[in-house]
Structures are given as C-alpha cells and as structure tokens.
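Structural characterization, general
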Amino acid sequence: MRSALMCALLGAMTLGASAHAATSGSTWVGSWASSQQIPEPRNVLAPASMNQATVRQIVHLSLGGHTLRVRFSNAFGTKPLRIDAAHIARAVAPDSSAIAAGSDKPLTFGGAAQVTIPAGAEYWSDPVHLQMAPGASLAVSYYLPKAPARETSHPGSRATSYYVAGDHVADHVLKGAKTVDHWFQLSGVDVKADTHARCIVALGDSITDGHATQTNKNQRWTDYLAARLQHHAGTNDVCVLNEGIGGNRLLHYGLGPAAMARLNRDVLAQTGARYVIVLEGINDIGTLGLEKHVTAAQHTALVHQLILSFKQIVARAHAHGLEVIGGTIMPFAHSDYYHPSAASLRDRDQVNAWIRAPGHFDKVIDFDKAMRDPAHAEQLNPAYDSGDHLHPGPKGYQAMARAIPLSLFTAR
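Procedures and definitions
- Residues numbered from 1 in each chain as written.
- Predicted model: local features only at pLDDT ≥ 70, side-chain atom pairs only at ≥ 80, totals over all residues.
- Heavy atoms only, no water.
- Helix = DSSP H or I, 4+ residues; strand = E, 2+ residues; numbered from the N terminus.
- Buried < 20%, exposed > 50% of the residue type's maximum accessible area, 1.4 Å probe, protein only.
- Contact = heavy atoms within 4.5 Å.
- Areas by Shrake-Rupley, 256 points an atom, 1.4 Å probe, with all protein chains shown as cover.
- Lys, Arg positive; Asp, Glu negative; His and termini not counted.
- Charge placed at Lys NZ, Arg CZ, Asp CG, Glu CD.
- Core = buried A, V, L, I, M, F, W, Y, C linked by side-chain atoms within 4.5 Å.
- Pairing = 2+ DSSP bridges.
- Axes fitted to C-alpha atoms, helices over the stretch in contact; angles between N-to-C directions.
- Parallel < 35°, antiparallel > 145°, perpendicular 65-115°, else oblique.
- Left-handed = near helix turned anticlockwise from the far one by under 90°.
- Nonpolar A, V, L, I, M, F, W, Y, C, P; charged D, E, K, R; others polar.
- Salt bridge = Lys/Arg side-chain N within 4 Å of Asp/Glu carboxyl O.
- Polar contact = N/O pair within 3.5 Å; in protein donor to acceptor, adjacent residues only side chain to side chain.
- Phe/Tyr/Trp six-rings, centres within 6.5 Å; stacked < 30°, edge-to-face > 60°.

**Quick word on the overall build of the chain**
- From N to C terminus, the chain includes nine helices and 22 strands.
- With the C-alpha coordinates of the chain rotated into their principal frame, the extents come out at 85 × 55 × 35 Å.
- With 412 residues in all, the chain has 55% of them scored as buried.
- Counting contacts in the chain only where the partners sit at least 6 residues apart, residues at least 24 apart contribute 80% of the total.
- Split by element, the accessible area of the chain, about 17000 Å² in all, is 56% carbon and sulfur.
- Side-chain charges in the chain split into 35 positive and 32 negative, and the spacing between the mean points of these groups amounts to 4 Å.

Now the structure itself:
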C-alpha cells in the first residue's frame with residue numbers, strides 16, 4: 001500500500017513537473033499597442049456607424065508568436081461597452097479588409113463569445129492559437145450591438161479601419177464597408193514568446209505617432225526600429241510598443257491625456273515592458289511660445305517643470321523595474337505651426353543639456369544630434385524634414401531608428 005502511494009505521489013510530481021516545463025519556457029509580451037484618448041469631434045465616428053455594426057482594424061505586429069490575446073478598451077467610455085463577437089485573422093495586406101483563408105479565429109472572454117467591458121476599463125480576450133510572423137498584419141474584427149456611449153480611440157492610426165452594418169466578423173472581405181483612418185476600442189495585442197522576450201515602450205507625441213507618414217505603410221520610427229531589431233540575433237526577441245499621441249505634452253492635456261497622466265496605463269502596465277524611450281517636451285515648449293508676452297520667468301519655470309516631470313517618469317519607471325532612455329528633443333526652428341522664438345529654442349537647449357547629463361536617465365538617444373541640419377543646429381536636416389520643419393518624413397523616421405544603438409537592448 002505504501003509502495004502504491006509512493007508511486008501515485010511520484011506520478012503526480014512528474015505530471016506537475018511536466019506541466020510546468022511545458023509552460024515555463026514562454027511568457028506574454030506586448031507585440032502591438034496604441035494609446036487611448038477621447039477623440040476630437042472631427043475624429044469621432046458617427047454613433048449610427050457603430051450601432052449594430054462590425055468594425056475591422058489592421059495592426060502591425062512587432063514580434064511574432066503562435067498564441068495571441070487582444071486587449072479591448074473602454075478607458076474613456078461613460079457606460080459599459082458590449083461586444084457580441086470578436087475574431088482575429090491574418091490580414092491579406094495592410095491596406096485591405098481581406099483576411100487569409102483558414103486563419104479566422106473567434107475570440108472568447110472567460111469562455112464566452114460576448115463580453116461587457118465596464119466604463120473606464122480594459123479587458124483581455126482569452127488566449128487563441130494563431131501563428132503570426134514578426135512584422136505581420138493582424139486583422140481584429142468585432143461586432144457591436146450598440147454604439148459606445150463615448151468612443152475610446154486612437155485617431156492617429158496611420159492605418160485604415162473598416163466598418164459595415166451587421167455581424168460580419170468572420171467574413172473574408174467586408175463587402176460594402178466604409179473606411180476611416182482611426183483605431184477604435186483597441187489598445188493592445190500580446191503574444192506568447194520565449195522567456196527572454198522583452199518590450200520597448202515608446203512614450204511620445206506626434207513624432208512617435210508617425211505624423212507625415214503614408215497611411216498603411218508602417219513608416220513610424222518605431223516600425224523601422226522593430227524591423228532592425230528582428231535582423232539582429234541579440235535583439236530578435238525584443239518587441240516595440242508605440243505609445244505616441246499627436247499633440248501630446250508632458251504637463252497638460254493636448255490632443256489626449258498628458259504624458260504624466262497616462263504613464264501608468266500606457267507604459268507601466270504594458271506586458272513585458274523592460275525599457276521606455278521618452279521623447280516628449282517639444283509641444284510643451286512650442287505651446288508656451290504661442291502665448292503672447294511670455295516672460296523670462298515663465299520660460300525658466302517651464303524648463304524646471306519639464307525636468308521635474310522627467311525625474312518623476314524615471315522614478316516611477318524604476319519602481320516597476322524599467323530602464324528609462326531619454327531622447328533629446330529634436331530641432332524645430334522655423335516650424336510652420338510654432339514659429340519658436342529665440343527663448344523657446346533656448347528652452348529646448350537647456351532641457352536637452354539636462355537629458356544628456358550623466359545620472360539623469362539610464363541611457364540617452366541623441367535624436368537632436370542625429371536629426372539636426374549640420375549647418376544650422378536649430379533646424380531639422382532638410383533631407384529628413386517632412387516640410388513643416390517640425391516632423392520628419394519617412395526618410396527622417398528611418399534615420400531616427402538608425403540613430404538608436406541596438407546594444408541598448410541586447411542584455412537579457
């Protein structure tokens with residue numbers, strides 16, 4: 001009897017060890033993400049368009065995997081959001097609603113096809129098996145029986161979304177669908193990856209969001225960085241999550257929550273986050289410059305407040321085990337929008353001097369040095385300028401990605 005009991009115990013222990021071994025070699029990491037906000041009136045989809053409608057959105061994964069889960073967001077909703085069905089599939093192309101034959105997979109939430117997400121909350125789907133390669137396009141479709149009470153959105157998607165009346169989440173192509181270049185109610189995709197996998201979170205403004213890139217071309221600097229990482233043996237398990245918002249500021253609400261207000265949700269809560277690249281501040285400096293009769297004391301106070309906010313980001317990220325990499329603020333002299341004064345350009349120089357100084361950030365990426373005009377340090381290199389003297393174009397975003405040493409991310 002004792003022998004039988006020992007055999008049973010050993011069998012249970014072996015089974016437990018085997019189960020552990022089967023799961024201990026992988027971990028969840030983010031492969032794609034977007035920052036959420038309340039869309040401006042010009043970017044809101046009419047409620048009738050999302051009432052009893054299917055929405056299909058295409059997202060560009062930075063890391064591949066065979067098991068995925070999707071995060072739906074009602075972060076800014078004022079009432080619960082009901083989703084009656086949701087599916088994922090491999091997209092045929094970044095600029096098409098078509099999905100690859102045989103790849104369509106239904107999503108569940110606690111085993112159910114329907115889910116109701118409370119106002120202010122975000123919910124993960126259950127894991128689903130679907131083989132996706134790094135850099136592949138994933139189609140996420142969901143059916144809403146009723147339009148959101150208030151949309152949670154990412155207006156600067158630089159990607160086309162499709163919507164059509166009725167439940168068509170499993171359709172190969174959304175025939176007759178209308179299009180809009182925004183994302184709605186969608187904030188993340190995780191993949192199961194090797195235990196060494198880790199994520200870079202890019203916290204930024206419209207320069208990180210990819211302003212002045214072509215729609216559906218995935219030309220953000222984060223896209224180019226993700227591609228570079230995949231081609232290097234020491235970093236091909238590193239994902240990149242773009243948490244940029246157009247017009248974003250560190251200190252005040254702009255086109256979306258201030259960076260300091262969204263740090264928890266957009267950076268610290270991201271699955272597998274190991275590093276955060278902070279490229280913020282140009283809109284704070286530029287906005288002050290738009291005001292009339294700005295005093296020297298106001299400029300001094302702004303520089304102090306920006307530096308204090310960076311210190312707060314570093315302290316909060318360190319508390320969660322993240323390395324914080326400071327990106328210097330790029331030149332913006334002659335900006336068509338801000339028309340910065342000499343005082344505003346000095347503000348940028350002072351903040352950049354603090355970013356570069358040892359002991360502040362863990363590491364520094366000198367975007368300013370990489371992107372400046374060699375003959376005129378206060379303005380963008382014309383080869384990289386989109387034409388507005390503030391945002392790079394696609395060649396500029398490529399240059400930004402090339403300026404980032406991959407050695408920053410090789411340590412596991």
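**Quick notes on the nonpolar core**
- L68, F72, I83, I88, L138 and Y142 are the most contacted members of the largest nonpolar core, which has 77 residues in total.
- Considering each element in turn, this core owes the most residues, eight residues, to helix α6 (residues 296-319).
- Not counting the four nearest positions on each side in its chain, F72 is found in contact with I83, A86, L107, F109, I117, E122, Y123, V140, Y142, Q185 and L186.
- Listed in part, the 28 residues of the second largest apolar core include L229, V240, I277 and F409.

**Considerations on the sheet that holds strand β6 (residues 105-106)**
- The strand order across the open sheet formed by six strands is β6-β5-β10-β2-β12-β13, and the pairing between neighbours is antiparallel. Two strands lie at the open edges of the sheet, namely β6 and β13 (178-180), each paired on one side alone.
- Alignment of strand β5 (residues 85-90) against strand β10 (residues 137-144), held across six bridges, turns out to be antiparallel. Paired with R90 across the two strands is L138, which belongs to β10.

**Quick look at the sheet that holds strand β17 (residues 238-244)**
- Read from one edge of the open sheet, five strands run β17-β16-β18-β19-β20, paired in parallel fashion. The open sheet terminates on both sides in strands that have one partner only, identified here as β17 and β20 (363-365). Between one strand axis and the next, the sheet turns through 25° on average, direction left out of account.
- In this sheet, β20 lies alongside strand β19 (residues 323-327) in parallel orientation, the contact comprising three bridges. From the neighbouring strand, G326 faces β20, where its bridge partner is V364.
- Where helix α3 (residues 221-230) meets the sheet, its contacts fall on β16 (198-204), β17 and β18 (273-279), and the angle it forms with β17 comes to roughly 175°.

**Comments concerning the packing of helix α4 (residues 259-268) against α6**
- Direction vectors running N to C along α4 and α6 enclose 30°, while the axes themselves pass 11 Å from each other. Relative to α6, the element α4 lies roughly parallel. At the point where α4 passes α6, the crossing takes the right-handed sense. Across from M260, L263, N264 and L268 in α4, the residues of α6 making contact are S309, Q312, I313, R316 and A317.
- Of the residues belonging to the contact of α4 with α6, the class tally is five nonpolar, three polar and one charged.

**Regarding the side chain of D373**
- Considering the arrangement of structural elements, one finds D373 in strand β21 (residues 372-373).
- Buried charge D373 goes without a salt bridge, the closest partner of opposite sign being R372 at 9.2 Å.
- There is a polar contact of 3.0 Å between the side chain of D373 and the backbone nitrogen of A375.
- If we skip the residues at most four places from it in the chain, D373 touches Q379, L380, N381 and P382.

**A few points about the packing of aromatic side chains**
- Under the definition given, this model contains 10 aromatic pairs.
- Aromatic pair W221 and F367: ring centres 5.6 Å apart, planes at 55°, arrangement tilted. Placement of W221 in helix α3 and of F367 in helix α8 (residues 367-371) is noted, with a sequence separation of 146 residues between them. Per residue, the accessibility class of W221 equals that of F367, and both read buried.

**As for the pattern of salt bridges**
- Going through the model one piece at a time under the given rule, you end up with 16 salt bridges.
- The partner of D84 in a salt bridge is R82, with the nearest N and O atoms 2.4 Å apart.
- In this structure R82 comes out as partly exposed when scored by relative accessible area, which is 44%.
- Ionic contacts of the salt-bridge type, sharing partners, join the residues R348, D349, R356, D366, D368, R372 and E378 into one network.

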